[in-house]
Amino acid sequence: MKTFFYSSLFLCLLFSAILLAQDKKQSSTKDTIYFVKVEEMPEPIGGIAEIQSKVIYPPEAKNKGIQGKVYVIAYINEKGIVDSTKIIKGIGYGCDEAAKNAIKQTKFIPGKQRGKPMKVQVAIPIMFKLD
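Conventions adopted
Residues numbered from 1 in each chain as written. Predicted model: local features only at pLDDT ≥ 70, side-chain atom pairs only at ≥ 80, totals over all residues. Heavy atoms only, no water. Helix = DSSP H or I, 4+ residues; strand = E, 2+ residues; numbered from the N terminus. Buried < 20%, exposed > 50% of the residue type's maximum accessible area, 1.4 Å probe, protein only. Contact = heavy atoms within 4.5 Å. Polar contact = N/O pair within 3.5 Å; in protein donor to acceptor, adjacent residues only side chain to side chain. Pairing = 2+ DSSP bridges. Phe/Tyr/Trp six-rings, centres within 6.5 Å; stacked < 30°, edge-to-face > 60°.

Draft legend 1. Here's a closer look at the environment of Ile 81. Note that Ile 81 resides in the loop between strand E4 (68-76) and strand E5 (82-89). What makes Ile 81 partly exposed here is its relative accessible area of 41%. Those residues in contact with Ile 81, other than ones at most four positions away along the chain, are Tyr 75, Ile 76 and Lys 107.

This is how it looks when you write it as structure tokens:
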């Protein structure tokens, strides 16, 4: 009887922990928690075109004909300001830094969970293409 009780209790606790972990998908940076997924994800004011318009193509990349996408994680706070950025996949030649700078200059509509603004991380692709 005791074994059955403890087994049932263990399964209930395990199931609760799994549900809680799925509900609060989070990432942390510098002791600050950023959600990975919320009901309303952050959006750049003016759309991705606004970020793209702030990108300055590095001269070294232009001269060498470097093209491609840079993938950046942006950590956005409750006010829609980018706290920090991190390169997921870069192409080098100054393009990674140019992508980070363009994202840092952009204001976002904050992400929301149950109507409340939250700190959220988002992955943003920045295209570098020569004309």
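That covers the picture; the talk isn't over yet.
Draft legend 2. Structural view of the side chain of Asn 77. Counting through the fold element by element, Asn 77 comes out in the loop between E4 and E5. There is a polar contact of 3.1 Å between the side chain of Asn 77 and the side chain of Asp 83. Every residue in contact with Asn 77, bar those within four places of it in the chain, is listed here: Asp 83, Pro 110, Met 118 and Lys 119.

Draft legend 3. Summary view of the pairing of E5. As defined by bridge partners, E4 adjoins E5 across 6 bridges and the pair is classed as antiparallel. Residue pairing in the sheet places Ile 73 in a bridge with Lys 86 of E5. Turn length for the E4-E5 hairpin, with the two strands adjacent in sequence and antiparallel, is 5 residues, and the turn residue Gly 80 shows positive phi of about 85°.

Draft legend 4. Summary view of the packing of aromatic side chains. Considering all chains together, one arrives at 2 aromatic pairs under this definition. Relative to Tyr 75, the ring of Tyr 34 has its centre 5.1 Å away and its plane inclined at 65°; by these criteria the two rings are edge-to-face. Taken together, the residues span a long stretch of sequence, with Tyr 34 in strand E2 (residues 32-35) and Tyr 75 in strand E4 at a distance of 41 residues. Accessibility classification places Tyr 34 together with Tyr 75 in one group, the buried group.

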